[in-house]
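Examination of the molecular architecture
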Amino acid sequence: MTDSAALDSLPTRHKVTVTDIAAGCGVSRATVSLVLRGSPLVSRDTRARVQEELRRQGYIYNRAAANLRRQTSSSIALVINDLANPFFAEFAAGVDDALGAANLVTLLGTSGESGTRQQAVLGSLLEHAPGGLILSPAEGSKAADVLAAVGAQTPLLLFNRDLDGELPEGLPWDRLLLDNRRGARLATAHLIAQGHRRIAFFGGHVDSMPFRERHAGYLEAMYEACLPVAPHWLVENASTRLEAAAQCPRLFAAEPAPTAAICYNDAVALGLMLGLRQRGLVPGRDFALTGFDDIAEAALSTPALTTLSAAPRERGRQAAELILARLRAPHAAPQTVVAPVQLVVRDSSPSPLPRH
């Protein structure tokens, strides 16, 4: 017998229906439906009997179909740009905390900073009919592309980054952003107060909105202190430790070399520490640096990292609460919320060593 013939000869498993469950435990179809929906209208004993019958017969609840019938959803989609970054892992955990408390499930996808991948992920997740979407866009994301992928009716919350291009008015899209400009300005002013005069800006890409905002805050603080900014003190690189470590030599490729750096985020700062050690420099002694995000590891690094706390888990909970508020009031005016950041001073940003 061929493989295809063998497969054809296999018995077809009967799909268990609500009618089968109702007949099996002697209740109405309506009662079974109420149990499946978690309704409080069913007594404890009846609920237990129906649930036991569901297990015995192996009933599989098609939640997507039920949502479609009821025009509701039990899930929210979350698409982030970089799951390898601990900031976004903590952010996703915060989202899931808040959605779980609201009896909703988080559908998670990641773009890996690819606009093409982002479009595919958005399309795939929307096939599950989530009630709304939280999106931290990939670098260079176009407003028109995202609109084409999700449509004008999908409630959407943009986190951390905005989209390039104009959007039609009236979209049910909200924004939760970080106070990037003020944060970078605080960190730069801190290094200046410590006595540093040659301060670099290290990491990130100029195409990213947070990069532009953080770099602007850095420049404001430098110009306010009447300090020069050498062209080679701006070093762009991917926001990963390995790339930051590899790009460290660029900081010292020309004179005058900086004595400190504002790093785009904590991952970049931790990577720069590795690069400095490879050059025989001790971070926090021979070179000062700050991060941005305050991931859990920042306080445990050696030296402990001075950074801007964005409270990623709290931001995740805030994002979930905003999308839930949108679902409760679908016609409310779109809002933009800018979350504050706080400078956390640790051991990585001392005063420069005196020259002999």
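Because the structure is a prediction, the values reported are computed rather than measured.

Conventions adopted
- Residues numbered from 1 in each chain as written.
- Predicted model: local features only at pLDDT ≥ 70, side-chain atom pairs only at ≥ 80, totals over all residues.
- Heavy atoms only, no water.
- Salt bridge = Lys/Arg side-chain N within 4 Å of Asp/Glu carboxyl O.
- Helix = DSSP H or I, 4+ residues; strand = E, 2+ residues; numbered from the N terminus.
- Expected span 1.5 Å × (residues − 1).
- Buried < 20%, exposed > 50% of the residue type's maximum accessible area, 1.4 Å probe, protein only.
- Arc of directions from axis to C-beta.
- Contact = heavy atoms within 4.5 Å.
- Pairing = 2+ DSSP bridges.
- Axes fitted to C-alpha atoms, helices over the stretch in contact; angles between N-to-C directions.
- Parallel < 35°, antiparallel > 145°, perpendicular 65-115°, else oblique.
- Left-handed = near helix turned anticlockwise from the far one by under 90°.
- Nonpolar A, V, L, I, M, F, W, Y, C, P; charged D, E, K, R; others polar.
- Right-handed = clockwise from strand over helix to strand, strands pointing away.

This structure, assessed with the given rule, holds 15 salt bridges. Where R56 meets E53, a salt bridge forms, and the shortest distance between an N and an O atom there is 2.6 Å. Linking R56 with E53, this pair stays in helix α4 (residues 44-57), spanning 3 residues, or about one helical turn. The partner of R317 in a salt bridge is D97, and the shortest N-O contact between them spans 3.7 Å.

Let us look at helix α7 (residues 115-126). The first and last C-alpha atoms of α7 sit 17 Å apart over 12 residues, in line with the 16 Å expected at 1.5 Å per residue. Among the residues of α7, Q118, V121, L122 and L125 are the ones counted as buried. In an axial view of α7, the angular spread of the buried residues amounts to 100°, which keeps them on one side of the axis. Residues of α7 that are buried make contact with β1 (75-80), β2 (105-110), β3 (133-135) and α8 (143-150).

Here the focus is the side chain of T290. For T290, the location among the structural elements is in strand β9 (residues 288-290). When its relative accessible area of 0% is taken as the criterion, T290 is described as buried. Not counting chain neighbours up to four residues away, the residues in contact with T290 comprise A187, L191, A261, I262, C263, A269, L305, T306 and S349.

With that out of the way, let us pick up the sheet that holds β1. The strand order β2-β1-β3-β4-β5-β11 describes an open sheet built from 6 strands, whose pairing is parallel. With partners counted over all chains shown, the strands left at the sheet margins are β2 and β11 (336-339), one partner each. For this sheet, the mean angle separating the axes of adjacent strands, direction not counted, is 15°. Bridge analysis of β1 against β2 gives 6 bridges, and the strand direction is parallel. Looking at the pairing, V79 lines up with G109 of β2. In the packing of helix α6 (residues 86-101) onto the sheet, the strands contacted are β1, β2, β3, β4 (156-159) and β5 (173-178), and the crossing angle to β1 comes to about 170°.

The next point concerns the pairing of β11. By the alternation rule, side chains of β11 split into V337 and A339, which are all buried, and T336 and V338, of which none is buried. For β5 and β11, the ladder comprises 4 bridges, and the chain directions are parallel. Considered in β11, the bridge of L177 is made with V338.

It is the contact of helix α2 (residues 18-25) with α4, at a shortest axis distance of 9 Å, that shows an interaxial angle of 120°. On the basis of their axis angle, the class for α2 and α4 is oblique. Crossing hand, α2 versus α4: right-handed. Packed against α2, whose contacting residues are D20, I21, G24 and C25, the element α4 presents R49, V50, E53, L54 and Q57 at the interface. Of the residues in the contact of α2 with α4, the class split is 4 nonpolar, 2 polar and 3 charged.

Here we take up the pairing of strand β6 (residues 199-202). Residue alternation in β6 divides its side chains into two sets, I199 and F201 and A200 and F202, and both sets are buried. Pairing of β6 with strand β7 (residues 234-235) involves 2 bridges; the strand directions are parallel. Note that in β7 the partner of F202 across the bridge is V235. At this point the chain moves from β6, through helix α10 (residues 209-224), to the parallel β7, and the crossover so formed is right-handed.

It is worth spelling out the sheet that holds β6 at this point. The 4 strands lie next to each other as β7-β6-β8-β9, forming an open sheet whose pairing is parallel. Since the sheet does not close on itself, it has two edges, and those belong to β7 and β9, each with one partner. Here β6 pairs with strand β8 (residues 260-263) via 4 bridges, running parallel. Following the sheet pairing, I199 is matched in β8 by A260. In the packing of helix α9 (residues 180-193) onto the sheet, the strands contacted are β6, β8 and β9, and the crossing angle to β8 comes to about 170°.

Quick look at unusual backbone geometry now. In this structure, P256 follows E255 across a cis peptide bond, with omega equal to 0°. The residue P256 is located in the loop between α11 (241-247) and β8 in this model. In this chain, T302 is followed by P303 through a cis amide linkage whose omega measures 0°. Within the fold, P303 resides in the loop between β9 and β10 (307-309). Here the phi dihedral of C226 falls at roughly 60°; this positive angle occurs in a residue that is not glycine. Within the fold, C226 resides in the loop between α10 and β7. For C226, a relative accessible area of 68% corresponds to the exposed category.

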